[in-house]
Amino acid sequence: MNRDIAIKFESVSFSYSDTDVLKSASFHIHCGEFVAMVGPNGSGKTTVLKLLFGLEKPNKGNVFICDSTAYVSQHMPADNLFPITVRDVVRMGLLHPQKRYSNAVAFVSVAEALEKTGIADLASRPYRSLSGGQKRRALVARALAAKPRLLVLDEPTANMDAESETRLYETLGAYKGNTTILIVTHDTEFVTSLTDRVLCLGNGKKIVQHGLETNVLTGHGDEKHSKVLHGEDITCC
């Protein structure tokens, strides 16, 4: 059965001056999939994101990304310049240069995003008063308010405690299947059990899919994740 494609790299090569970052890298992600892209610092993850969003152009090959895309950055924006509520932050996700939302639609969309990310009770709180994990979920809610087809998150659990991480993945799990989700992380061993496929970046300047071993204890109580089996390459379907 043919499935729509949300992201596709076709034989993409890219270099900074004389430094090769990618060489004939190919992969694709189907609509509705939950995919983790893993690799150590310096492996090219940021470059892949720049190519994905058109901030860089490949030297060779083609990059395709579906319309209606939302991005949650690794670095949270500064929040001490002016007072703004969590609801205001989430409503920013509806700002679009070519699309206007009525007040009624915006109200419902923001309320749904707050509810699904589990922060409806924080809606009137100042954003700057939130914990790191709560801020991250507020930014995810902002990204989801416009109901994007594709959600890309860069290091979404950075500096999160175990409880905040669990709540974030519960939120993302509620969108799995309807929204394509790509998580980019430097953690080369463990990914959430929600993950359908893993794309691994390494010194080979390729992007390779690997198998998963499920129900692996992480050391955080009885919490279980999936372990990347780096010795078992799988051809992307």
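Everything here concerns the structure above.
I will try to describe carefully the structure that is included in this document. (Residues numbered from 1 in each chain as written. Predicted model: local features only at pLDDT ≥ 70, side-chain atom pairs only at ≥ 80, totals over all residues. Heavy atoms only, no water.)

Turning to the overall build of the chain, a few remarks are in order. The helix and strand tally for the chain stands at five helices and eleven strands. Here the chain, with 237 residues, has 42% of them falling under the buried criterion. Summing over all exposed atoms, the chain offers an accessible surface of approximately 12,600 Å²; the carbon and sulfur share of this is 48%. (Helix = DSSP H or I, 4+ residues; strand = E, 2+ residues; numbered from the N terminus. Buried < 20%, exposed > 50% of the residue type's maximum accessible area, 1.4 Å probe, protein only. Areas by Shrake-Rupley, 256 points an atom, 1.4 Å probe, with all protein chains shown as cover.)

Moving on, we come to unusual backbone geometry. The phi dihedral of Ser 24 falls on the positive side, at around 50°, and the residue is not glycine. With respect to the helices and strands, Ser 24 occurs in strand 2 (residues 19–30). Despite not being glycine, Glu 155 has its phi angle at roughly 50°, a positive value. On the secondary structure map, Glu 155 appears in the loop between strand 6 (150–154) and helix 5 (162–175).

Take helix 3 (residues 103–116) next. Over its 14 residues, helix 3 runs 20 Å from end to end, which matches the ideal 20 Å to within 8%, given 1.5 Å per residue. Of the positions making up helix 3, those classed as buried are Ala 106, Ser 109, Val 110, Ala 113 and Leu 114. The buried residues of helix 3 occupy an angular sector of 130° when the element is viewed end-on, so they sit on one face. Counted as exposed and oriented over 90 degrees from the buried face of helix 3: Ala 104, Phe 107 and Glu 115. Residues of helix 3 that are buried sit in contact with helix 2 (86–91), helix 4 (132–144) and helix 5. Taken from the residues just after helix 3, Gly 118 is the one with a positive phi, measuring 75°. (Expected span 1.5 Å × (residues − 1). Arc of directions from axis to C-beta. Contact = heavy atoms within 4.5 Å.)

Now for the sheet that holds strand 2. The strand order across the open sheet built from three strands is 2-1-4, with neighbouring strands paired in antiparallel fashion. Looking at which strands have only one partner, the edges of the open sheet turn out to be strand 2 and strand 4 (60–65). Neighbouring strand axes in the sheet, compared pairwise and without regard to direction, differ in orientation by 20° on average. Where strand 1 (residues 5–16) meets strand 2, eight bridges bridge the pair, whose relative direction is antiparallel. Bridge pairing links Tyr 16 to Thr 19 in strand 2. Together, strand 1, strand 2 and strand 4 form the strand contacts of helix 1 (residues 45–52), whose direction differs from that of strand 1 by roughly 120°. (Pairing = 2+ DSSP bridges. Axes fitted to C-alpha atoms, helices over the stretch in contact; angles between N-to-C directions.)

Moving on to a nonpolar patch on the surface. A grouping of Phe 53, Leu 55 and Tyr 71 is seen on the molecular surface, where their side chains present a nonpolar patch of about 290 Å² in accessible area. Of the residues examined, Tyr 71 reaches a relative accessible area of 35% and is grouped as partly exposed. (Patch = residues over 30% accessible without salt bridge, like charges linked within 9 Å, V, L, I, M, F, W, Y side chains within 5 Å. Salt bridge = Lys/Arg side-chain N within 4 Å of Asp/Glu carboxyl O.)

Right, let's get into the packing of aromatic side chains. The geometry of an aromatic ring pair comes down to the distance between the two centres and the angle between the two planes. Scanning all chains against the criterion turns up three aromatic pairs. Ring centres of Phe 14 and Tyr 16 lie 4.8 Å apart, and the angle between their planes is 85°; on these two criteria the pair is classed as edge-to-face. Note on Phe 14: relative accessible area 4%, which makes it buried. Accessibility expressed as a relative area gives 33% for Tyr 16, which makes it partly exposed. For Lys 116, the ring lying beneath its charged end belongs to Tyr 175, and the centroid distance is 5.1 Å. For the cation-ring pair, Lys 135 lies above Tyr 127, with the distance from its terminal atom to the ring centre recorded as 5.6 Å. (Phe/Tyr/Trp six-rings, centres within 6.5 Å; stacked < 30°, edge-to-face > 60°. Lys NZ or Arg CZ within 6 Å of the ring centre and 35° of its normal.)

With 33 residues, the main nonpolar core has Val 90, Leu 151, Leu 153 and Leu 172 as its most contacted residues. Those elements that provide at least two residues to this core are strand 5 (69–72), helix 2, helix 3, helix 4, strand 6, helix 5 and strand 7 (180–185). Element by element, the count of residues in this core is highest for helix 4, at six residues. Beyond its immediate chain neighbours, meaning those up to four positions away, Leu 151 contacts Ala 70, Val 72, Ala 143, Leu 144, Leu 172, Thr 179, Thr 180, Ile 181 and Leu 182. (Core = buried A, V, L, I, M, F, W, Y, C linked by side-chain atoms within 4.5 Å.)

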